[in-house]
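One-letter residues, chain by chain:
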Amino acid sequence: MHTSMLPAAELHLHLEGTLEPETIFAIAERNKIALPYSSIDQLRARYAFTDLQSFLDLCYTNIDVLRTAEDFADMTTAYLERAAAAGLRHAEVFLNPQAHTARGVPLPDVMAGVASALSGSLRTHGLSTGLIVAFLRDESEESAMATLDAALALDAAFIGVGLDSAEVGHPPSKFATVFQRARAEGLHRVAHAGEEGPPSYIWEALDVLGVERIDHGVRCLEDDQLVRRLVEDQVPLTVCPLSNVSLRVVDDIASHPLPTMLERGIKVTVNSDDPAYFGGYVDDNLDALTQAGLLTRADLATLARNSIEASFADPGRKQQLLTELSVALSEPEGKHGGTPGRPT
Ligand SMILES: Nc1ncnc2[nH]cnc12
Ligand SMILES: [Zn+2]
């Protein structure tokens, strides 16, 4: 376990992507569900992807084990424990209700399970949280709207809406009305854009959906005018390096564009996306970048500060975390971040 992260926030994490193979088998046994794999190793062998869709196919197969509120609570608790152990102080997590209601799991069970785990996190781990309801962009806008309506009717505790799943062919503008509704309800708004999709999807997320952050956004570098816009407005990008390698958005970690994005002045953060599938959690992402020689200690400080500033934490909590970060940065070099070969 890594213990030397600077105080920081994770802003791009899919709860469904935190299901480790061991957990999938354990929950399947509890629910008496037969899995299409005979062993954990056989399942693990499938964790090699060619693109986003190849990952989504496996991820959506595996979540079939989730049936009860307890299952959702256990999945969420396991992530929070791992995140806290890494040193994270705030986490905003995505949930895809449609991926569960479509299988017949009642929305109240899904939301109650996740909420019960999130609600104890600050007290138990000193880790504050926020839930973002994400819409499957390969489903219709009507389905997204029905999901938002149902979540609002439940008075479920969520802070915002997001947009994820198969990107190409499903531009943000398809969801203009539901994002307008979310805005009217006072919800935060984010969207995946520019992961596999073109820069025009990032423009649409900003100008049509009015999002406050872009998830991924790495393809922004293909459009200079867009980069200028992102820098000028300091739009946060939640970048997920190990995800980008796993899903072949980039060739390898050494050629990840994060250093370029930092140099250009884009407000980037580092996140894990689907840590059970892509080789690790936020600390693992930072380790991989550091070991590839892509990050300086100053970069690590910038990334931590960006993650806190880009979060939807309330102003008091943000100030508290920024103060904690300043204290950590004033400690001798080597205690926090930037030190290859730290204990695991
Ligand atoms: N990286 C990703 N892109 C789009 N949808 C996702 N759902 C889970 N992870 C995702
Ligand atoms: Zn994602």
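What you see is a predicted model; the values in this text were computed from it and never measured.

What counts, and at which threshold
Residues numbered from 1 in each chain as written. Chains lettered and ligands numbered in written order. Predicted model: local features only at pLDDT ≥ 70, side-chain atom pairs only at ≥ 80, totals over all residues. Helix = DSSP H or I, 4+ residues; strand = E, 2+ residues; numbered from the N terminus. Rg over C-alpha atoms; globule rule 2.2 N^0.38 Å. Buried ≥ 20, exposed ≤ 12 C-beta atoms within 10 Å, placed from the backbone. Contact = placed C-beta atoms within 7 Å. UniProt positions renumbered as here; feature names shortened; annotations may be inferred. Near = placed C-beta within 6 Å. Nonpolar A, V, L, I, M, F, W, Y, C, P; charged D, E, K, R; others polar. Arc of directions from axis to C-beta. Core = buried A, V, L, I, M, F, W, Y, C linked by C-beta atoms within 7 Å.

Draft legend 1. Structural detail: the overall build of the protein chain. For the protein chain, the count of helices and strands is 17 helices and eight strands. In terms of C-alpha radius of gyration, the protein chain reaches 19 Å, essentially the compact-globule figure of 20 Å for 344 residues. Projected onto the principal axes, the alpha-carbon positions of the protein chain cover approximately 50 × 45 × 40 Å. Here the protein chain holds 344 residues, and the buried ones make up 50% of them. A separation threshold of at least 6 residues defines the contact pool for the protein chain, and within that pool the share at least 24 residues apart is 77%.

Draft legend 2. Structural detail: the UniProt feature "binding site: Zn(2+)" (unreviewed entry) in the protein chain. Mapped onto the present numbering, the UniProt feature "binding site: Zn(2+)" (unreviewed entry) falls at H12, H14, H192 and D273. Annotated residues spanning 262 residues; largest pairwise C-alpha distance 11.7 Å, indicating a single compact cluster. Position of H14 relative to the elements: it lies in the loop between β1 (8-10) and α1 (21-30). With residues up to four places along the chain from it excluded, the contact list for H14 reads F94, D164, D273 and D274. On the basis of neighbour counts, which here come to 29 C-beta atoms within 10 Å, the residue H192 falls in the buried class. The residues touching H192, leaving out its near neighbours within four places in the chain, are L163, D164, E167, D215 and H216.

Draft legend 3. Highlighting the site of ligand 1. Near ligand 1 you find H14, G17, L52, D164, S165, H192, E195, S243, D273 and D274, and these make up its full shell. Within the shell around ligand 1, the residues separate by chemical class into one nonpolar, five polar and four charged.

Draft legend 4. How the structure looks around helix α3 (residues 52-62). For α3, every residue scored as buried is listed here: L52, F55, L56, C59 and N62. For α3, the angular spread of the buried residues around the axis is 130°, confining them to a single face. Contact partners of the buried residues in α3: α1 and α14 (275-278).

Draft legend 5. Representation of the environment of L6. Here L6 lies in the segment before β1. L6 sits 299 residues away from R305 along the chain, and the two C-alpha atoms are 9.3 Å apart.

Draft legend 6. Focus on the UniProt feature "binding site: substrate" (unreviewed entry) in the protein chain. As annotated in UniProt, the feature "binding site: substrate" (unreviewed entry) corresponds to D274 in the numbering used here. Relative to the helices and strands, D274 resides in the loop between β8 (268-270) and α14. Sequence-distant contacts of D274, that is, excluding residues within four places in its chain, are made with H14, G17, C59 and S243.

Draft legend 7. Looking closely at the nonpolar core. Counting residues in hydrophobic clusters, the biggest one holds 101 residues, and the most contacted among them are L88, V114, I132, I202 and A205. Examining the composition of this core, we find that seven residues originate from one element, helix α4 (residues 69-86), more than from any other. I132 has contacts with E92, V93, F94, F158, I159, G160, V161, G162 and V190, leaving out every residue within four places of it along the chain.

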